[in-house]
Amino acid sequence: PLVMSMALPMMLSMAFNSLYNIVDSMYVSAMGEKALTAVSLVFPLQNIILSVAVGVGVGMNSLISRAVGAGRGEEADEVASQAMLAVLLHFVGFVLIGLFLAKPYLAMYTKDAEILGMSTTYGRIVMCASFGTLIYLVLEKIFQAEGIMYVPMGCQLVGAVVNIVLDPIMIFGKFGCPKMGVAGAAIATVIGQIVSLVLIVMLYRRGGSQVKVRLEYMRFNGIINIYKIAIPSTLVMCMPSILVSVLNGILTSASQVGVAAFGLYYKLQTFVYQPSSGLVQALRPIVGYNYGARNYKRMNETV
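Numbering of residues begins from 1 in every chain and follows the order in which that chain's sequence is written. pLDDT decides what is reported in this predicted model: residues at 70 or higher carry local features, side-chain atom pairs at 80 or more are listed and counted, and totals for whole chains, interfaces and linings draw on all residues regardless. Derived side-chain values reflect all non-hydrogen atoms in the structure, with water molecules and hydrogen atoms excluded from consideration.

(A) Local environment of the environment of V162. The secondary structure listing takes helices from DSSP runs of H or I that are at least 4 residues long and strands from runs of E that are at least 2 residues long, numbered from the N terminus. By secondary structure assignment, the location of V162 is in helix α7 (residues 150-172). In the structure, V162 is positioned 158 residues away from M4 in sequence and 28 Å away in space, judged by C-alpha atoms. Residues are treated as being in contact if the distance between any of their heavy atoms lies within 4.5 Å. When near neighbours in sequence (up to four residues on either side) are disregarded, V162 contacts I191, G192 and V195.

(B) Just the side chain of N248, in detail. Take N248: it is sitting in helix α9 (residues 223-252). The buried label goes to any residue with under 20% of its type's maximum accessible area, the exposed label to any with over 50%, and the partly exposed label to all in between, with areas taken from a 1.4 Å probe on protein chains only. Residue classification places N248 among the buried residues on the basis of a relative accessible area of 2%. For N248, the residues in contact, after removing those within four places along its chain, are S40, L41, P44, Y109, V259 and F262.

(C) Structural view of α7. The span one expects for a helix is its residue count, reduced by one, times 1.5 Å. Over its 23 residues, α7 runs 34 Å from end to end, which matches the ideal 33 Å to within 8%, given 1.5 Å per residue. The angle between axes fitted to the seven residues ending at a residue and the seven residues starting there is what we call the bend at that residue. Taken as a whole, α7 carries its principal kink of about 35° at L166; the proline P168 stands between one and four residues after it. Following α7 by one or two positions, G173 has its phi on the positive side, about 75°.

(D) Quick peek at the packing of aromatic side chains. Only centres within 6.5 Å qualify two rings of Phe, Tyr or Trp (six-membered ring in Trp) as a pair; their planes then separate them into stacked at under 30 degrees, edge-to-face at over 60, and tilted for everything else. Per the counting criterion, the structure on display carries 5 aromatic pairs. Between F143 and Y204, the ring centres sit 6.3 Å apart and the planes meet at 80°, which makes this aromatic pair edge-to-face. Residue F143 is located in helix α6 (residues 131-145), and its partner Y204 is located in helix α8 (residues 182-208); the two are separated by 61 residues in the primary sequence. No difference in accessibility class separates F143 from Y204, as the two residues are buried.

(E) Structural detail: the pattern of salt bridges. Any carboxyl oxygen of Asp or Glu within 4 Å of a side-chain nitrogen of Lys or Arg constitutes a salt bridge here. For the coordinates displayed, the defined rule picks out 6 salt bridges. For R214, the salt bridge is made with D77, and the minimal N-O distance between the two is 3.2 Å. Of this pair, R214 sits in the loop between α8 and α9 while D77 sits in helix α3 (residues 73-100); the two residues are 137 residues apart in sequence, bridging distant segments of the chain. With a relative accessible area of 33%, R214 lands in the partly exposed category.

(F) Spatial organisation of unusual backbone geometry. Positioned with a positive phi, F175 is a non-glycine residue whose angle comes to about 55°. Among the structural elements, F175 can be located in the loop between α7 and α8. Its identity is not glycine, yet R294 carries a phi of approximately 60°, on the positive side.

(G) Fine view of the side chain of S196. With respect to the helices and strands, the residue S196 is situated in helix α8. In this structure S196 comes out as buried when scored by relative accessible area, which is 1%. Excluding residues that lie within four positions of it along the chain, S196 makes contacts with Y20, Y136, C155, Q156 and G159.

(H) Structural view of the nonpolar core. Think of a nonpolar core as a cluster: buried Ala, Val, Leu, Ile, Met, Phe, Trp, Tyr and Cys residues, connected wherever their side-chain atoms sit within 4.5 Å. Judged by nonpolar contacts, the single largest core of 56 residues is most densely connected at M60, I64, Y122, L139 and I142. When residues of this core are traced back to their parent elements, those giving at least two are α2 (33-69), α3, α4 (102-107), α5 (113-128), α6, α7, α8 and α9. Considering each element in turn, this core owes the most residues, 16 residues, to α2. Apart from residues no more than four positions distant in its own chain, I142 is found in contact with M60, I64, A80, Y204, S209, V211 and V213.

(I) The arrangement of the confidence of the model for the protein in detail. Looking at the protein, pLDDT values average 87 and 100% of them are 70 or higher. The least confident element of the protein is helix α1 (residues 2-28), whose mean pLDDT is 80; the most confident is α5, at 94. How sure the predictor is of each residue is captured by pLDDT, a score from 0 to 100.

(J) Expanded view of the packing of α6 against α8. An axis is simply a line fitted to the C-alpha atoms; with a helix, the fit covers only the stretch in contact. Between two such axes, the angle follows the N-to-C directions and lies from 0 to 180 degrees. For the pair α6 and α8, the least separation of the axes is 9 Å and the interaxial angle reads 35°. Crossing handedness for the pair α6 and α8: left-handed. Side by side, α6 and α8 meet where F131, G132, T133, I135, Y136, L139, E140, I142 and F143 of the first sit next to Q193, I194, S196, L197, I200, V201, L203, Y204 and G208 of the second. Any residue that is not Ala, Val, Leu, Ile, Met, Phe, Trp, Tyr, Cys, Pro, Asp, Glu, Lys or Arg is counted as polar, Gly included; the first ten are nonpolar and the last four charged. Among the residues forming the contact of α6 with α8, the class breakdown is 12 nonpolar, 5 polar and 1 charged. Throughout, a crossing is termed right-handed when the near helix is turned clockwise from the far one, and left-handed when it is turned anticlockwise from it by less than a right angle.

(K) Expanded view of a nonpolar patch on the surface. Think of a patch as exposed residues, more than 30% relative accessible area, with no salt bridge, where like charges cluster within 9 Å and nonpolar side chains (Val, Leu, Ile, Met, Phe, Trp, Tyr) cluster within 5 Å. Note on areas: Shrake-Rupley, 1.4 Å probe, and residue coverage restricted to the protein chains presented here. Side chains of I231, L235, M239, I242, V246 and I250 sit close together on the surface and give an oily, nonpolar patch of about 570 Å² of accessible area. By the secondary structure assignment, M239 is in helix α9.

So, in structure tokens, the structure goes:
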């Protein structure tokens, strides 16, 4: 019962997160095949952002759970602070990639100037505003490390709803908003992510978590311990991006429609894995806590 009570909110939270790109594709498809292809080409870049954020969150989650289980509260604060420093540095990296490398990357998959223009615009917006996802996921994993699952789920749901509402308004220009097309889809996405971030920051600052991010603990000396866990997790999550990139390269030589169709399929496929991923996310804080508390019998029962 404990595992399931923690896993179900995680499954729903991951489903809400997946809705961002699926909803964008749904509305953008009304603009035509080229717009849908443009959004599909950017999906690997978006998945890399998510992979890096989740990877750091997983590393931090594991270390915080162990520290809390062992009663080392100050160590948990240090880990959270160092994870926040890591994602801020990652954000700077993603901004630079968005500004200077996104277009050359996307140009490898299309020679159509219109598709390249739309995909570059979409990619740059989501990458240069990736702080919403990056910081949100650190705070989400802090809550989850303490067994608090419903707060992140609620924040993620509100952000997803905001994206669903704003997408048609910004894409097609309704209620006085200018028609922005694919750029509108990207802006609606990042606004939804920022709304989720603002909500979780407010709840965090009101004492929703006992683990505190402190400026004085933002040092590089402890980041390596987070990366020891984060890097393998990040690389595993990045594999789909590499797969999609390779298959997009093959499909573009045959048909742009193929790229759009495969992009839609792959986004829907993510829902298939979410039940098992939710269970894994729920296992981590329980196993980490009991490992830190040296309650190995309870840890093995959970697994």
